[in-house]
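# Tertiary structure, described
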Amino acid sequence: MKTIDTAFECETGSYHTFCPISCVAWLYQKIEDSFFLVIGTKTRGYFLQNALGVTIFAEPRYAMAELEEADISAQLNDREESKEICIQIRRDRNPSVIIWIGTCTTEIIKMDLEGMASKLEREIGIPIIVARANGSDYAFTQGEDTALAAMVHRCPVIDMAISKNEVCMGDCDNSYKSKDQSQIKTYKLETHNLVLFGSLPSNVASQPNSEPKHQNICVTGWLPSHRYAELPSLGEGIYVCGVNPFLSRTATILMRRRKCRLIGAPFPIGPDGTRAWMERICDVLGMKPKGLKEKEEQIWKNLSKYIKIIGGKSVFSMGDNLLEISLARFSVRCGMIVYEIGIPYLDKRYQAAELSLLKTTCEVMNIPMPRIVEKPDNYNQVQRMHELEPDLAFTGMAHANPLEARGIDTKWSVEFTFAQIHGFANAADVLESVTRPLMRNPGSIPSWKNLSKQEPLHC
Ligand code: SF4
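## What about the sheet that holds strand 9 (residues 194–197)?
In space, the four strands of this open sheet follow the order 10-9-11-12, with parallel pairing throughout. The open sheet has two edge strands with one neighbour each: strand 10 (219–223) and strand 12 (261–262). As paired elements, strand 9 and strand 11 (residues 239–242) share four bridges and run parallel to each other. Residue V195 lies in a different strand from strand 11, and its bridge partner there is V240. Packing of helix 10 (residues 248–256) onto the sheet brings it into contact with strand 9, strand 10, strand 11 and strand 12, and relative to strand 9 it is tilted by some 150°.

## Looking at the site of the ligand
Near the ligand you find C19, R44, T103, C104 and G135, and these make up its full shell. Partitioning the shell around the ligand into residue classes produces two nonpolar, two polar and one charged.

## As for helix 11 (residues 270–285)
Between its first and last C-alpha atoms helix 11 spans 23 Å; for 16 residues at 1.5 Å apiece the expected length is 22 Å, and the two agree. Within the span of helix 11, buried status applies to G270, P271, D272, G273, T274, A276, W277, M278, I281, C282 and L285. Two residues or fewer after helix 11 comes G286, characterised by a positive phi angle close to 75°.

## Some details on a positive patch on the surface
Taken together, the side chains of R256, R257, K259 and R349 define a basic patch exposed on the protein surface. With respect to the secondary-structure elements, R257 resides in the loop between helix 10 and strand 12. Look at R257 and you get exposed, because its relative accessible area is 57%.

## Digging into the environment of A51
Among the secondary structure elements, A51 is positioned in helix 2 (residues 42–51). On the accessibility criterion, A51 (30% relative accessible area) is partly exposed. Taking the C-alpha atoms as reference points, A51 and C19, separated by 32 residues in sequence, lie 9.7 Å from one another.

## What about the pairing of strand 10?
Here strand 10 lies mainly inside the structure; five of its five residues are buried. Looking at chain direction, strand 9 and strand 10 are connected through four bridges and run parallel. What sits directly across from L194, in strand 10, is V219.

## A look at the sheet that holds strand 17 (residues 409–412)
With parallel pairing, six strands are arranged side by side in an open sheet as 1-15-14-13-16-17. The strands lining the two open edges of the sheet, one partner per strand, are strand 1 (8–10) and strand 17. The mean angle between the axes of side-by-side strands here comes to 20°, regardless of whether they run parallel or antiparallel. Pairing of strand 14 (residues 337–343) with strand 15 (residues 371–374), which is carried by four bridges, proceeds in the parallel orientation. Note on strand 15: the bridge partner recorded for I341 is I372. Strand contacts of helix 17 (residues 397–405): strand 16 (392–395) and strand 17, with the helix running at about 160° to strand 17, the strand carrying the most contacts.

Quick notes on the rules
- Residues numbered from 1 in each chain as written.
- Predicted model: local features only at pLDDT ≥ 70, side-chain atom pairs only at ≥ 80, totals over all residues.
- Heavy atoms only, no water.
- Pairing = 2+ DSSP bridges.
- Helix = DSSP H or I, 4+ residues; strand = E, 2+ residues; numbered from the N terminus.
- Contact = heavy atoms within 4.5 Å.
- Axes fitted to C-alpha atoms, helices over the stretch in contact; angles between N-to-C directions.
- Near = heavy atom within 4 Å.
- Nonpolar A, V, L, I, M, F, W, Y, C, P; charged D, E, K, R; others polar.
- Expected span 1.5 Å × (residues − 1).
- Buried < 20%, exposed > 50% of the residue type's maximum accessible area, 1.4 Å probe, protein only.
- Patch = residues over 30% accessible without salt bridge, like charges linked within 9 Å, V, L, I, M, F, W, Y side chains within 5 Å.
- Areas by Shrake-Rupley, 256 points an atom, 1.4 Å probe, with all protein chains shown as cover.
- Salt bridge = Lys/Arg side-chain N within 4 Å of Asp/Glu carboxyl O.
- Lys, Arg positive; Asp, Glu negative; His and termini not counted.
- Charge placed at Lys NZ, Arg CZ, Asp CG, Glu CD.

Rendered as structure tokens:
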């Protein structure tokens, strides 16, 4: 095993990742009455068409407002053009909310999207939310962060005077239920107002929902909700906790603008992360965690067949989706050696609990702390891989096949974004997908001589 420096580094930012507008792919499915309008030039159309594959044939609730020469040179009236498109969307789809996704082009030509949206929504009678999910400022999953941060402003204000007279019943179905004072027996809302933020598919969301329920904590709302009208109420008495590591902007806005109290916890990825996440919530809310240790142990037992395969193997994570720290921590706990964690952007405060769990996990497993490289340089990373010779690389599609061709097993990192990786129950799925490439080429340690400094081909 090679030893590496434990350090945070920052490179040139020359790395491959998805454009953050790709967040429409999962957000339009999550918010059932929404419509996403991406405003930009043809490039984004091509990207969406390619990245979202067959969904484009299923009349999805997203579209492109394609800017032309005349829009960019201000010969057309942006507001009139946008109004026409939004009226057409209202007529054809009747959504409860239209979400405008700003792109690099709207940034560069300085389109006043917020100004236009606030006037238009009054004129056409549908809320219009603006998310600047452009690739100049953000990477891949951060697109969701910009959309959720914009949505925070539309969440209703909680009236604590009313909620004191309401009680969350034992069957905890995420709704407030008013009861007489005499019927208040379980717990009062003002001590357990917990709103979770982060978009998870409904079947996965039911797990982070049910874990707090087992601990007698009621999740009173989710951001985003299934429907625009069901956005959670926010205010001073509300505790908020993230389920994804890429939502630092949303967390900041929840604290600063809506005065919510952020529970800084590791993320519920892997059984260790899920337990730590839940324990932290219990700790902040003054509850004693019940049965989490046993549950975690049981899950580890069930994972033993995967751990036999990956234990002792080394992995190099190139970095493109901001899930890297949590996945590295889970991998280390499974006995893997993580050489490097590339990550597009690291908010050390929002990820503080996750970083500290990673450190503790490395100590417990007696494995050196990986080097963490923010804004990595893919070329340099390939050179480092050449020296470190990892067994597996978590990488984007741009590098996966070239690395495979040189005999390196790879796992497409984009799959972690779309697969179900949260909660106790999905830990096996994560390991299933990590072990698959290793099983495909058992024992393949590559010949590295072709990886770098190649001679040009002479035909
Ligand atoms: S990164 Fe910018 S230029 Fe590229 S597709 Fe996304 S919005 Fe357009």
